[in-house]
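One-letter residues, chain by chain:
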Amino acid sequence: QKMSVVLGVSHPDYCQAVIDLARQEGHEVEVLEGDLKQLAHHLLRAKKIVGMDSGTTHLAKDVQTAARRAGRHI
């Protein structure tokens, strides 16, 4: 089995720390970089996807937080 980690642009130091830790634990790690089209290609060739995080989840949280600060609940 091979593990792939997407190297994010928002927190590259954190991503690199995760990659380094996985390698220290003896896992083969493929680092994925690139645009959305390249990411989709990698995801489509995967046999299993354990989990992923996307910018849209962060944007949704920011919108929700801003709405709460404005006295709205969404």
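Refer to the structure presented above.
Quick notes on the rules
Residues numbered from 1 in each chain as written. Predicted model: local features only at pLDDT ≥ 70, side-chain atom pairs only at ≥ 80, totals over all residues. Heavy atoms only, no water. Helix = DSSP H or I, 4+ residues; strand = E, 2+ residues; numbered from the N terminus. Contact = heavy atoms within 4.5 Å. Salt bridge = Lys/Arg side-chain N within 4 Å of Asp/Glu carboxyl O. Buried < 20%, exposed > 50% of the residue type's maximum accessible area, 1.4 Å probe, protein only.

Tell me about the side chain of His42, and name the residues and values.
Take His42: it is sitting in helix H2 (residues 36-45). Setting aside residues up to four positions removed in sequence, His42 forms contacts with Glu30 and Leu32.

For the pattern of salt bridges, give the residues involved together with the corresponding values.
Overall, the coordinates contain one salt bridge when judged by the stated rule. Notably, a salt bridge pairs Glu30 with Arg45, separated by 2.8 Å at the nearest N-O pair. One end of the pair, Glu30, is in strand E2 (residues 29-32); the other, Arg45, is in helix H2, with 15 residues separating them in the sequence. When its relative accessible area of 42% is taken as the criterion, Arg45 is described as partly exposed.

These figures come from the coordinates and say nothing about function on their own.
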